[in-house]
Amino acid sequence: MNLHEFQAKELLKKYNVPVQEGIACGTVHEAEEAYRQIKTQFGSPFAVVKAQIHAGGRGKGTIKETGINGVKVGKGLDEVIGYAQKILGGTLVTLQTGPAGKVVHKILVAQDMYYDGPTERKEFYLSVLLDRSKGQNVIMYSTEGGMNIEEVAHNTPDKIFKEWVHPAGGLQPFQARKIAFNLGLSGESFKNCVRFVTNLYNAYVGLDCSMLEINPLFKAADDKIVAVDCKMNLDENALMRHPDLSALRDVSEEDPTEVEAGKYNLNFVKLDGNVGCMVNGAGLAMATMDMIKLSGGEPANFLDVGGTANAQTVEAGFKIILKDPAVKAILINIFGGIVRCDRVAQGVIDAYNKMGNIKVPIIVRLQGTNAEEAKKLIDESGLKVQSAILLSEAADLVKKALA
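Residues numbered from 1 in each chain as written. Predicted model: local features only at pLDDT ≥ 70, side-chain atom pairs only at ≥ 80, totals over all residues. Heavy atoms only, no water.

(A) Spotlight on the nonpolar core. One finds Leu12, Leu126, Ile139, Leu200, Met232 and Leu234 to be the most contacted residues of the largest nonpolar core, which totals 39 residues. Of all elements in the fold, only α1 (5-13), β8 (122-131), β9 (136-142), α5 (173-182), α6 (187-206), β11 (209-219), β12 (225-227) and β13 (230-234) reach the threshold of two or more residues within this core. Membership of the second largest hydrophobic core comes to 34 residues, among which are Leu266, Leu303, Val339 and Val364. (Core = buried A, V, L, I, M, F, W, Y, C linked by side-chain atoms within 4.5 Å. Buried < 20%, exposed > 50% of the residue type's maximum accessible area, 1.4 Å probe, protein only. Helix = DSSP H or I, 4+ residues; strand = E, 2+ residues; numbered from the N terminus.)

(B) Representation of the pairing of strand β2 (residues 47-52) in the model. Most of β2 sits out of view: six of its six residues are buried. Both faces of β2 are covered, namely the face carrying Ala47, Val49 and Ala51 and the face carrying Val48, Lys50 and Gln52. By the bridge criterion, four bridges tie β2 to strand β4 (residues 71-74) in an arrangement that is antiparallel. Across the sheet, Ala47 pairs through a bridge with Gly74, a residue of β4. Relative to strand β7 (residues 106-111), β2 runs antiparallel, the two being bridged by six bridges. What sits directly across from Val49, in β7, is Val109. (Pairing = 2+ DSSP bridges.)

(C) Highlighting the packing of aromatic side chains. The full count for this structure, using the stated rule, is three aromatic pairs. A cation over a ring is seen here: Lys134 above Trp164, with NZ or CZ 3.7 Å from the ring centre. (Phe/Tyr/Trp six-rings, centres within 6.5 Å; stacked < 30°, edge-to-face > 60°. Lys NZ or Arg CZ within 6 Å of the ring centre and 35° of its normal.)

On their own, these measurements won't tell you what the molecule is for.
Listed below in structure tokens is the structure:
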């Protein structure tokens, strides 16, 4: 589950991770009030206005309607109000959103971090995530933080450092010191960085994050180490341990079709293809998508109905798949292990009859428990549904449907 920057920062503060302070706003009036509070608290006439969407690259992204970037520095109240007016309600397009972009419903009015002090300001990069190849969490960091971190990783991978953390021992003090040393810090900033890294890792583990990225990790002119931006993903499988975090979900930032699928406990991912897939089991889904590509088609989705496929879930799956105008055929590929194939077949028939005329070809391949009975039900239903036993037969039917 993705979080907005302002949500992630509030969670980090509970773990004593220093963050750039700010106030989330949904209206221009709220932005005006937020600016006054920020100015009173920190004394600077400058404030940063940041679009809040579930995507990175906001500083380089562009608001379609007004042509400005998704992150702007206001030098006074009038500029902050002006940026709020131009960003709120606009469609922000970044490399991660694609050309469609995302509508900005909230902005963050945040403190200016570029205040004066005795030392040089610096921007770093730091993230924590799971390295599945090693079965350990890894802290990735670089001296080259900021908006061009992707280019740094691509062009100069030697500037990306990695520190793996053993799950039994957790992050050790010497590892936090090593990170601060490799970032070139010394004195008070070194000590602050050690504390920052330690607390950030504790937040990653304590919140059951799947990814936690700080970019930039900022060394201010007074040697404070601060998270200026934060991207946080939570492990949805661990949310039962954090019922309070579930309330932070912003469904307006998610694909509406995937949200609807979740209501029926369907695992759905939209893809750019022409053949709708309905299967039970992730492994079978991957094999089915491979088969579709070998047949000359492209999978339009990943849809796993799980081990309890019935008329209701099949009907819901049909409706979700058919919302995609690019779908030219639907392939249902079910292996009857726990679930009986004849029950799935009856579910397909009931769903078809309830929904009425379905214009795209439907191919059903049922294999496993009571597969023969299931094929008989499909063949004798009188519906425009084609059945198959072998995967190769289903592939041939898909190819004919697309011809």
